[in-house]
Amino acid sequence: MVKIFIDPGHGGNDPGAVANGLKEKELTLKIAKKIQSLLGEYQNISVKLSRTTDVYLSLSERANLANAWGADYFISVHINAGGGTGFESYIYNGNVSSATIAYQNVMHQEIMKAISGVKDRGKKRANYAVLRKTKMPAILTENLFIDHSTDASKLKSDSFLSQIAFGHVQGLEKAFGLKKKAAAKPSSAKPAASNQKVYRVQVGAFADRKNAEKLAAELKKKGYPAFITK
Ligand SMILES: [Zn+2]
């Protein structure tokens, strides 16, 4: 059983970065819940979130929850701000295990693949409290800049948030050798092609809208314009 702890950054009276009508605390929670939902398709995995609602938790509380639970991996999800564009990931800048570095390599690569077209700001290291205080390998992802107009318009798209989540999950799949549950792929999940070569994902064909969003994200990644119809 692989135990994945997901920490949506900020919350409650700490909104994180705020710009362009967006709040970091809301985006991080959406992405974290999408990661949790996608991970539901895998076997031998247990997922816990530091928060599932708009509540405040200190950085120590977040790390303590993961430590007490005995998580195998800690992922803190954030949105960047302060002038810039693109994606970057962080691990602790002190002593870390070789697994921490290996996981960052694969997570970073898979997230960049899932959000292609976004500037890669690189794999970085910093003395962040959640990275320092967690006892297991840990990563912090900074998913685009809330105060950059192009980044913000992407962050306003629910399907883009799904792509970010999908990248995290692809990274976890590769890092931990996760396998999908046998019943995870309904036969109805195949998209039908129209004569205009537009692939439409019909939400009614899915038990869960998240599955449709994930498929749409996968198709978009492959270069197909995918739309989720209501
Ligand atoms: Zn943040």
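Everything discussed here concerns the structure shown above.
Residues numbered from 1 in each chain as written. Predicted model: local features only at pLDDT ≥ 70, side-chain atom pairs only at ≥ 80, totals over all residues. Heavy atoms only, no water.

Student: I keep staring at the side chain of His168 and nothing clicks. Help me out?
Tutor: Topologically, His168 is positioned in helix α6 (residues 158–176). Those residues in contact with His168 that lie beyond four places of it in its chain are Ile35, Ile75, Val77, Met107, Ile111, Thr141 and Asn143. (Helix = DSSP H or I, 4+ residues; strand = E, 2+ residues; numbered from the N terminus. Contact = heavy atoms within 4.5 Å.)

Student: Would you mind showing me how to read the packing of aromatic side chains here?
Tutor: Here a ring pair, both rings aromatic, is described through the centre-centre distance and the interplanar angle of the planes. Tallied over the full model, the rule gives six aromatic pairs. Aromatic side chains Tyr103 and Phe176 sit 4.6 Å apart centroid to centroid with 35° between the ring planes, which places their arrangement in the tilted category. Placement of the pair is Tyr103 in helix α3 (residues 98–114) and Phe176 in helix α6, with a sequence separation of 73 residues. Overall, the relative accessible area of 17% leaves Tyr103 in the buried class. Residue classification places Phe176 among the buried residues on the basis of a relative accessible area of 19%. (Phe/Tyr/Trp six-rings, centres within 6.5 Å; stacked < 30°, edge-to-face > 60°. Buried < 20%, exposed > 50% of the residue type's maximum accessible area, 1.4 Å probe, protein only.)

Student: Explanation requested: the pairing of strand β7 (residues 120–126) in the structure shown.
Tutor: Look at any regular strand and the pattern is simple: side chains alternate between the two faces of the sheet. Judged from the six bridges that link them, strand β6 (residues 87–92) and β7 form a sheet pairing that is parallel. The residue bridging Tyr92 from the neighbouring strand is Ala126, located in β7. After leaving β6, the chain enters α3 and then returns to the sheet as β7, a path that is right-handed. (Pairing = 2+ DSSP bridges. Right-handed = clockwise from strand over helix to strand, strands pointing away.)

Student: I tried to follow the pattern of salt bridges on my own but got confused; where do I start?
Tutor: Pairing of side chains with opposite charge becomes possible as their charged atoms draw close. Within this structure, the stated rule accounts for eight salt bridges. Across the pair Arg62 and Asp7 runs a salt bridge whose closest N-O atoms are separated by 2.8 Å. Within this pair, whereas Arg62 is found in helix α2 (residues 59–69), its partner Asp7 is found in strand β1 (residues 2–8), the two being separated by 55 residues in sequence. Taken individually, Arg62 and Asp7 each receive the classification buried, so the pair is uniform in this respect. The shortest N-O distance in the salt bridge between Glu41 and Lys180 comes to 3.2 Å. Of the two residues, Glu41 is situated in the loop between α1 (24–39) and β4 (45–49) and Lys180 in the loop between α6 and β9 (192–193); the sequence distance between them amounts to 139 residues. (Salt bridge = Lys/Arg side-chain N within 4 Å of Asp/Glu carboxyl O.)

Student: Honestly, the side chain of Asp151 in this entry has me stumped. Any pointers?
Tutor: With respect to the helices, strands and loops of the structure, Asp151 is situated in helix α5 (residues 149–155). It turns out Asp151 is buried and unbridged, and the closest side chain with the opposite charge, Lys154, is 5.4 Å from it. Side chain to side chain, Asp151 and Thr85 meet in a polar contact 2.7 Å long. Apart from the residues within four sequence positions on either side, Asp151 is in contact with Gly84, Thr85, Gly86, Leu144 and Phe145. (Lys, Arg positive; Asp, Glu negative; His and termini not counted. Polar contact = N/O pair within 3.5 Å; in protein donor to acceptor, adjacent residues only side chain to side chain.)

Student: Hey, could you run me through the nonpolar core in this one?
Tutor: Generally speaking, soluble globular proteins have nonpolar side chains that are buried together. In this structure, Ile4, Leu39, Tyr73 and Leu172 are the most contacted members of the largest nonpolar core, which totals 41 residues. Breaking this core down by element, the ones donating at least two residues are β1, α1, β4, β5 (73–80), α3, β8 (138–145), α5 and α6. With eight residues, α6 is the largest single contributor of residues to this core. Setting aside anything within four residues of it in sequence, one finds Tyr73 in contact with Lys3, Ile4, Phe5, Tyr103, Gln104, Met107, Met136, Pro137, Ala138, Ile139, Leu172 and Phe176. Counting 13 residues, the second-largest nonpolar core is a separate cluster that includes Ala66, Phe74, Leu131 and Met136. (Core = buried A, V, L, I, M, F, W, Y, C linked by side-chain atoms within 4.5 Å.)

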